[in-house]
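Residues per chain are reported as follows:
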Amino acid sequence: MSLQGSKYDRPEAPSPATGGNGAVAAGNKGNGTVLSSPSLRLNPSQEHKPYDYEDMQLEFSAVLLSSLEKYLPHTMLRDPRDQKAKFMQDILLKYLPPRERNRAIKHREYRQKIISNYQPRNRELYTLNPTAVFVPSFLKAINDNTEQSFRNILSEPSPGIFVFEMLQKDFCESLLEEIENFENWVTEAKFRIMRPNTMNRYGAVLEDFGFETMLDKLMEGFIRPLSRVFFAEVGGSTLDSHHGFVVEYGQDRDVDLGFHVDDSEVTLNVCLGKQFSGGELFFRGTRCENHVNTDTQSEEIFDYSHAPGQAVLHRGRHRHGARATTSGHRVNLLLWCRSSVFREMKRYQTDFPSWCDECNREKKERQRSSLATRMDIFRKVGESTT
Ligand SMILES: [Fe+2]
Ligand SMILES: [Zn+2]
């Protein structure tokens, strides 16, 4: 079973038809009349220095907008940044398939409604200040940026599952406060929010209320370096989009979470608190699409107990679930990290995926039986010649 993230996938680079006037016509009716709908220039203004869009609420990657900016019509090059961003995003939307485009437009309206009405409580959380967020050991390991520096701070209690101290206590508390503030606003304003996925009735999508840029930085600066080393075979070095959310468990919240795989290449799961018992994660081996329902081998069984501030990093395809939180209230931060490059490459892959435990087992079994057959032939030939 695979969960669907609420954010649509990033679109592929546009490959627009070109007009003969140096501009890319978005609304040419075929009679030579270029309508005044959004269009880009064919020839970029090479000397133009684009804006940085990193701190904005965007539906497309900030890097993509910066690269596209030099293709804007001359008359727009000096326009304010938000105007340019809107113009370029409107154009990019046109290249999404109609269903996704409608979904993206609705989602944009939904986010704008939240952003313009919700008053954050702890504004400092929305920009990532590493020394306030991370424990010093984690920060040092990331700054050193070597496999050894990572190995010094994390443990791998079961293959492909990495555990480490990550978040400062004050940051966890502050984020919990912010989430509570958001939930209170949702209740008071009677705002219907989209839950993080089909399996959670509680919790909130962080990108929907202002955390997009903060999570970009978290993924790019802190999770990608780890994934590059430990999850290279599932696109760990090319993670380029995310779905970040909080989930809440307890008697008056969700109680447990069924067995599933995530819609991610790499998942970060950090416990924010508070006081609780139960809620252990159970892991049962990594599987490709063909093997997602196959039996678990005894060596794949691993159970993990959450501790506030502590993170677990694993492949999205590592099957898992959460046991019942039997008392108290548990809140976890999840970041599903995705790689568009990996997903594209996977479509053309003919070989078995090296990261699926079951594929690996089948391969070994094939090798073992072919070796046994050959040995048998040698033995029979040997017997007939003696
Ligand atoms: Fe999950
Ligand atoms: Zn497989």
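Scroll up a little and you will see the structure.
One structure accompanies this document, and this report is about it. (Residues numbered from 1 in each chain as written. Chains lettered and ligands numbered in written order. Predicted model: local features only at pLDDT ≥ 70, side-chain atom pairs only at ≥ 80, totals over all residues.)

Next up on the list: the overall build of the protein chain. Tallying secondary structure elements over the protein chain gives 10 helices and 14 strands in all. Across the protein chain, contacts joining residues at least 24 apart in sequence account for 77% of those joining residues at least 6 apart. (Helix = DSSP H or I, 4+ residues; strand = E, 2+ residues; numbered from the N terminus. Contact = placed C-beta atoms within 7 Å.)

This part is about the sheet that holds strand E11 (residues 301–304). Here we have 4 strands laid out as an open sheet, ordered E7-E13-E10-E11, and antiparallel in their pairing. For this open sheet the edge positions go to strand E7 (257–260) and E11, each flanked by a neighbour on one side alone. The average angle at which neighbouring strand axes cross in this sheet is 20°, direction not considered. Pairing geometry for strand E10 (residues 281–286) and E11, over 4 bridges, is antiparallel. Paired with Phe 282 across the bridge in E11 is Asp 303. (Pairing = 2+ DSSP bridges. Axes fitted to C-alpha atoms, helices over the stretch in contact; angles between N-to-C directions.)

This paragraph deals with the pairing of strand E13 (residues 318–322). Within E13, 4 of the 5 residues are buried, which leaves it mostly tucked inside the rest of the structure. Examined bridge by bridge, E7 and E13 share 2 bridges and lie antiparallel to one another. Across the sheet, Leu 257 pairs through a bridge with Ala 322, a residue of E13. (Buried ≥ 20, exposed ≤ 12 C-beta atoms within 10 Å, placed from the backbone.)

A few words now on helix H7 (residues 169–188). In this model H7 runs 29 Å from its N-terminal to its C-terminal C-alpha over 20 residues, within 8% of the 28 Å that 1.5 Å per residue would give. Residues of H7 that are buried: Phe 171, Cys 172, Leu 175, Glu 178, Ile 179 and Phe 182. With its buried residues spanning 125° around the axis, H7 presents them on a single face. Seen from the open side of H7, the exposed residues pointing more than 90 degrees away from its buried face are Lys 169, Asp 170, Asn 184, Thr 187 and Glu 188. Along its buried surface, H7 packs onto helix H4 (130–133), strand E5 (204–205), strand E6 (241–250), strand E8 (266–273) and strand E14 (325–338). Positive backbone phi, at 50°, marks Lys 190, one or two positions downstream of H7. (Expected span 1.5 Å × (residues − 1). Arc of directions from axis to C-beta.)

For the rest of this paragraph, the subject is the nonpolar core. One finds Ala 204, Leu 206, Ile 223, Val 246, Val 270, Leu 335 and Cys 337 to be the most contacted residues of the largest nonpolar core, which totals 56 residues. Counting residues per element, this core draws most heavily on helix H8 (residues 212–230), which supplies 7 residues. With residues up to four places along the chain from it excluded, the contact list for Val 270 reads Met 166, Leu 167, Ala 311, Asn 332 and Leu 333. Within the second largest apolar cluster, 11 residues are counted, among which are Leu 40, Tyr 53, Met 88 and Ile 91. (Core = buried A, V, L, I, M, F, W, Y, C linked by C-beta atoms within 7 Å.)

For the rest of this paragraph, the subject is unusual backbone geometry. At the junction of Gly 273 and Lys 274, the peptide bond is cis and its omega measures out at -5° in the coordinates. Structurally, Lys 274 can be placed in the loop between E8 and strand E9 (276–278). Phi at Asn 145 takes a positive value of approximately 55°, unusual for a residue other than glycine. Along the chain, Asn 145 turns up in the loop between helix H5 (136–144) and helix H6 (147–153). What makes Asn 145 exposed here is the crowd of 12 C-beta atoms within 10 Å. One non-glycine residue with positive phi stands out, namely Lys 190, at about 50°.

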